[in-house]
Amino acid sequence: MFHHEKGHTNENTELDKTLVREIKLARNIQMKLLNGDKPQLKNGTVSGISIPARRIGGDYFDFYQLPDGKLRIIIGDVMGKGIPAAMLMILTRGAFRSAAEKASGPAEILTIMNHAIYDDLRSLGSFVTVLCADWDPERKELSYASAGHCLPLVIRSEECFLNIPHAGGVMLGGIPDVVYKQSAVYLDGEDVLFFYTDGITEAQNQSGDMYRLTRLQQVLLENAHLDVKTLEEAVEQSVIEFTRGLPQKDDITMVTMKVNRVNAQADCCDSPLT
Amino acid sequence: MDEELEIELEQNGSVCTIYLHGVLDYTTTDIFLKELEKIGKNTKLVILNFNRMVFIDSTGTGNIINLIHTAKAQKFHIKLEGLHEDFHKLFVTLGVYQIIESLLEAGD
């Protein structure tokens with residue numbers, strides 16, 4: 001009996017080690033996919049970061065540069081936590097990469113993505129929220145569509161936020177054959193665009209208070225003069241200070257783009273970047 | 001932080017009202033799903049009362065979405081009531097009301 005239990009324990013230990021190793025490898029894959037090379041903008045900069053609440057997460061962001069100089073941006077949040085969410089994040093990434101090649105704009109991308117992954121998400125009882133945007137540096141126009149995701153914040157001249165037109169649509173996996181709509185906004189020189197997931201605004205401290213949008217907006221206004229990477233670090237630091245290192249339930253993801261006054265244009269390339 | 005979920009279920013004829021107290025997230029999803037099994041077979045309307053709900057995450061929202069799809073398949077209606085402003089805004093952003101309208105109210 002003793003030998004049997006010991007053998008069982010050894011098997012469990014070996015299984016634990018295997019699981020830990022595989023989770024570590026999965027995390028490496030996800031971090032590699034998320035944190036690849038960022039697109040190079042002429043007279044503009046873009047950055048993105050994703051911090052999983054666990055070893056791996058279900059948040060997602062990606063870029064796709066079009067031959068005409070436009071930059072396609074997506075940020076998303078998969079329902080659930082950990083490994084299951086990470087698996088669906090990969091599914092979402094594939095759907096975006098495929099749709100980004102052929103769609104004319106953000107709304108069509110979301111329509112194609114929902115069509116592609118709706119059945120899978122329904123059969124799994126899951127959903128994904130995403131915000132997709134096209135940045136046209138020639139026209140200084142940002143067109144965007146939402147599938148259940150919060151709209152980006154546009155910080156104008158370190159003093160105020162620009163109210164951008166509504167572009168609400170249902171989450172991916174919510175309704176079959178839904179057709180998404182898009183809105184657009186023209187940006188001034190030195191506007192800062194900030195895309196995010198609710199892991200930031202819903203970060204909680206030990207009292208159960210949430211970080212909330214107002215704190216995020218305050219930090220963005222105070223740090224809008226910084227470069228995109230440092231601005232993201234300021235947001236991250238602010239959340240850490242608020243939560244005092246309390247482990248969070250949700251992943252934190254942000255994408256930041258800064259447009260300079262001089263003509264901004266994405267370096268052209270035909271292929272995905274990350 | 002309150003991590004508990006308590007559920008009261010009232011079945012009055014063909015109307016089933018489910019009162020959610022506390023947190024509906026990935027840690028309490030099993031409690032919610034187990035309670036749904038108690039919904040009477042001849043139920044025509046399920047009312048979800050969120051008046052005392054303090055937090056919902058994406059897994060909790062997913063449970064609501066799945067219940068809406070179940071309602072379509074099993075031909076009953078769903079009504080959401082007592083939503084605090086934050087939760088109402090969240091459901092607007094996610095498109096929860098659109099799903100109800102599209103799946104349960106279209107053609108009524």
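This is a predicted model, so every value here is computed, not measured.

Remarks on the pattern of salt bridges
When charged atoms on two side chains of opposite charge get close, those side chains can pair. Residue and element names in this part refer to chain A. Throughout the structure, instances matching the rule amount to 11 salt bridges over all chains. A salt bridge links Asp-134 to Arg-72, with the shortest nitrogen-to-oxygen separation between them at 2.8 Å. Of this pair, Asp-134 sits in strand E5 (residues 128-136) while Arg-72 is found in strand E4 (residues 71-78), placing the two residues 62 residues apart along the sequence. Taking relative accessible area as the criterion, Asp-134 reaches 3% and is therefore assigned buried. Residue Arg-72 is classed as buried on the basis of its relative accessible area, which comes to 1%. In this structure, the salt-bridge partner of Lys-81 is Asp-250, at a minimum N-O distance of 3.8 Å.

Considering the environment of Ile109(A)
By the element assignment, Ile109(A) lies in helix H3 (residues 106-124). Sequence-distant contacts of Ile109(A), that is, excluding residues within four places in its chain, are made with Arg72(A), Phe96(A), Ala99(A), Ala100(A), Ala103(A) and Cys132(A).

Looking at the interface of chain A and chain B
Taken together, the contact between chain A and chain B spans 28 residues of the former and 22 residues of the latter. Contact between chain A and chain B buries roughly 1900 Å² in total, counting both sides, with carbon and sulfur atoms accounting for 61%. Here chain A is connected to chain B by three salt bridges. Asp25(B) is the salt-bridge partner of Lys249(A), the closest N and O atoms lying 3.4 Å from each other. Seen at the junction of chain A and chain B, the total is eight residue pairs in polar contact (both at pLDDT 80 or more).

Focus on the sheet that holds E4(A)
Residue and element names in this part refer to chain A. Spatially, five strands are ordered E3-E4-E5-E6-E9 in an open sheet, and the strand pairing comes out antiparallel. Each having just a single partner strand, strand E3 (59-65) and strand E9 (183-186) make up the two edges of the open sheet. Here the average twist between neighbouring strands, direction ignored, is 15 degrees.

Let's talk about helix H4 (residues 96-105) of chain B
Residues and elements named next belong to chain B. Every buried residue belonging to H4 is among Val-96, Ile-99, Ile-100, Leu-103 and Leu-104, and all of these are buried. Taken down its axis, H4 places every buried residue within 100 degrees of arc, on the same side. Looking at the buried positions of H4, the neighbouring elements they touch are helix H2 (58-74), strand E4 (77-81) and helix H3 (85-94).

Quick word on the domain arrangement of chain A
All names here are of chain A. You can read the domains of chain A as domain 1 (1-34) and domain 2 (35-266). Relative placement of domain 1 and domain 2: their C-alpha centres are 33 Å apart. Across the contact, eight residues belong to domain 1 and 17 residues belong to domain 2. Of the roughly 1100 Å² buried between domain 1 and domain 2, counting both surfaces, carbon and sulfur atoms make up 60%. Per-residue buried area on domain 1 facing domain 2 is highest for Gln-30, Leu-33 and Leu-34; these three make up 59% of the total on that side. Across the domain 1-domain 2 interface, the total number found is zero salt bridges. In this assembly, domain 1 and domain 2 are joined by two residue pairs in polar contact (both at pLDDT 80 or more). Considered class by class, the residues forming the side of domain 1 that touches domain 2 number five nonpolar, one polar and two charged.

Points about a negative patch on the surface
A cluster of acidic residues, Glu4(B), Glu6(B), Glu8(B) and Glu10(B), forms a negative patch at the surface. Residue position: Glu8(B) is located in strand E1 (residues 5-12).

Section: empty space enclosed by the protein
Left-over empty space is what a probe sized like a water molecule reveals as it rolls over the atoms. Residues and elements named next belong to chain A. Tallying each qualifying case throughout the model produces one cavity of 30 Å³ or more. A volume near 40 Å³ is recorded for the largest cavity. Considering the residues around the largest cavity, the lining is formed by Ala-53, Arg-54, Ile-56, Gly-57, Gly-80, Lys-81, Gly-82, Lys-249, Asp-250 and Asp-251. Residue composition of the lining of the largest cavity, by class: two nonpolar, three polar and five charged.

Considerations on the pairing of strand E2 (residues 44-51) of chain A
Residue and element names in this part refer to chain A. Counted residue by residue, E2 has six buried out of eight residues, so it is predominantly covered. Examined bridge by bridge, E2 and strand E11 (residues 252-259) share eight bridges and lie antiparallel to one another. By the bridge assignment for E11, Gly-48 is matched with Val-255.

Some thoughts on the sheet that holds strand E3 (residues 45-56) of chain B
All names here are of chain B. Spatially, the four strands line up as an open sheet ordered E1-E2-E3-E4, and their pairing is mixed. One side of each edge strand has no neighbouring strand; the edge strands of this open sheet are E1 and E4. Strand-to-strand twist in this sheet, taken as the mean axis angle between neighbours without regard to direction, amounts to 15 degrees. As paired strands, E1 and strand E2 (residues 15-24) are joined by eight bridges and run antiparallel to one another.

Cut-offs applied
Residues numbered from 1 in each chain as written. Chains lettered and ligands numbered in written order. Predicted model: local features only at pLDDT ≥ 70, side-chain atom pairs only at ≥ 80, totals over all residues. Heavy atoms only, no water. Salt bridge = Lys/Arg side-chain N within 4 Å of Asp/Glu carboxyl O. Helix = DSSP H or I, 4+ residues; strand = E, 2+ residues; numbered from the N terminus. Buried < 20%, exposed > 50% of the residue type's maximum accessible area, 1.4 Å probe, protein only. Contact = heavy atoms within 4.5 Å. Buried area = accessible area lost by both parts, 1.4 Å probe. Polar contact = N/O pair within 3.5 Å; in protein donor to acceptor, adjacent residues only side chain to side chain. Pairing = 2+ DSSP bridges. Axes fitted to C-alpha atoms, helices over the stretch in contact; angles between N-to-C directions. Arc of directions from axis to C-beta. Domains from an automatic or database assignment. Nonpolar A, V, L, I, M, F, W, Y, C, P; charged D, E, K, R; others polar. Patch = residues over 30% accessible without salt bridge, like charges linked within 9 Å, V, L, I, M, F, W, Y side chains within 5 Å. Areas by Shrake-Rupley, 256 points an atom, 1.4 Å probe, with all protein chains shown as cover. Lys, Arg positive; Asp, Glu negative; His and termini not counted. Charge placed at Lys NZ, Arg CZ, Asp CG, Glu CD. 1 Å grid on protein atoms, 1.4 Å probe; cavity = no way out; pocket = protein on both sides within 12 Å on 5 of 7 lines; lining within 4 Å. Points joined across faces, edges and corners; volume = space filled by probe spheres on them.

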